[in-house]
Amino acid sequence: QVQLVESGGGLVQAGGSLRLSCAASGRTFSGYAMGWFRQAPGLEREFVAAISRIGGSTWSADSVKGRFIISRDNTNNTVYLQMNSLKPEDTAVYYCAAGYSGSYYYASTYTYWGQGTQVTVSS
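First things first, this report covers the structure right here in the doc. Treat the numbers as computed from the prediction; the structure is a model and nothing was measured.

A closer look at the sheet that holds strand β7 (residues 68-73)
Now for step 1: Ordered in space as β1-β3-β8-β7, the four strands form an open sheet in which the pairing is antiparallel. If you trace the sheet from one side to the other, it starts and ends with β1 (2-7) and β7, each paired once. Strand-to-strand twist in this sheet, taken as the mean axis angle between neighbours without regard to direction, amounts to 15 degrees.

Here it is, written out as structure tokens:
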């Protein structure tokens, strides 16, 4: 099994930046693709970004493309989400997830989930 713990959330002003981290322990980290999802109050959980097992491929939602960057450090068993040019609509709880290669857009692809970290962007 894999345990995931997110960190780095907080309150920032619109236009600011924030970097989220997801530390993994347990099963071999490099054996999993990783994804970031977010959920705002009253809305469904949505896909944000994903990265392949060795980091050779990345995907991101249109809403964050060009602003958010996903990366991973398999040596340190950590995946990151660098968020730039933040907007109020980015406010949500952000979750990291681990799964196998497949349709990264779908939450059902992922087996393990973290508890989430709150990101709030003020205008």
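Quick notes on the pairing of β1
Now for step 1: Here β1 shows a buried face lined by Val2, Leu4 and Glu6 and an unburied face lined by Gln3, Val5 and Ser7.
Now for step 2: Two strands pair when backbone bridges link them, and β1 and strand β3 (residues 18-26) are joined in this way by six bridges, in the antiparallel orientation. Opposite Val5, over in β3, you have Ala23 as the bridge partner.

Considerations on the environment of Gly16
Now for step 1: Note on placement: Gly16 falls in the loop between β2 (10-13) and β3.
Now for step 2: Spatially, the C-alpha atoms of Gly16 and Gly35 are 22 Å apart, while their sequence positions differ by 19 residues.

Comments concerning the packing of aromatic side chains
Now for step 1: Applying the stated criterion across every chain yields a total of nine aromatic pairs.
Now for step 2: Between Phe47 and Tyr105, the aromatic rings sit 5.6 Å apart at their centres with planes inclined by 50 degrees, giving tilted as the arrangement. Highlighted residues: Phe47 in strand β5 (residues 46-51) and Tyr105 in the loop between β9 (92-99) and β10 (110-113), separated in sequence by 58 residues.
Now for step 3: Note on Phe47: relative accessible area 8%, which makes it buried.
Now for step 4: The class of Tyr105 is exposed, set by a relative accessible area of 55%.
Now for step 5: The interplanar angle of 35 degrees and the centroid separation of 4.2 Å between the aromatic rings of Trp59 and Tyr104 together place this pair among those described as tilted. A residue pair is termed long-range when its members are at least 10 positions apart, and Trp59 in strand β6 (residues 58-60) and Tyr104 in the loop between β9 and β10 qualify at 45 residues.
Now for step 6: An aromatic cluster of three or more residues is present, and its members are Phe37, Phe47, Tyr105, Tyr106, Tyr110 and Trp113.
Now for step 7: Sitting above the plane of the Tyr95 ring, Arg45 keeps its charged end 3.9 Å from the centroid.
Now for step 8: The cationic tip of Arg45 hangs over the ring face of Trp113; the distance from NZ or CZ to the ring centre is 5.0 Å.

Criteria and thresholds
- Residues numbered from 1 in each chain as written.
- Predicted model: local features only at pLDDT ≥ 70, side-chain atom pairs only at ≥ 80, totals over all residues.
- Heavy atoms only, no water.
- Pairing = 2+ DSSP bridges.
- Helix = DSSP H or I, 4+ residues; strand = E, 2+ residues; numbered from the N terminus.
- Axes fitted to C-alpha atoms, helices over the stretch in contact; angles between N-to-C directions.
- Buried < 20%, exposed > 50% of the residue type's maximum accessible area, 1.4 Å probe, protein only.
- Phe/Tyr/Trp six-rings, centres within 6.5 Å; stacked < 30°, edge-to-face > 60°.
- Lys NZ or Arg CZ within 6 Å of the ring centre and 35° of its normal.

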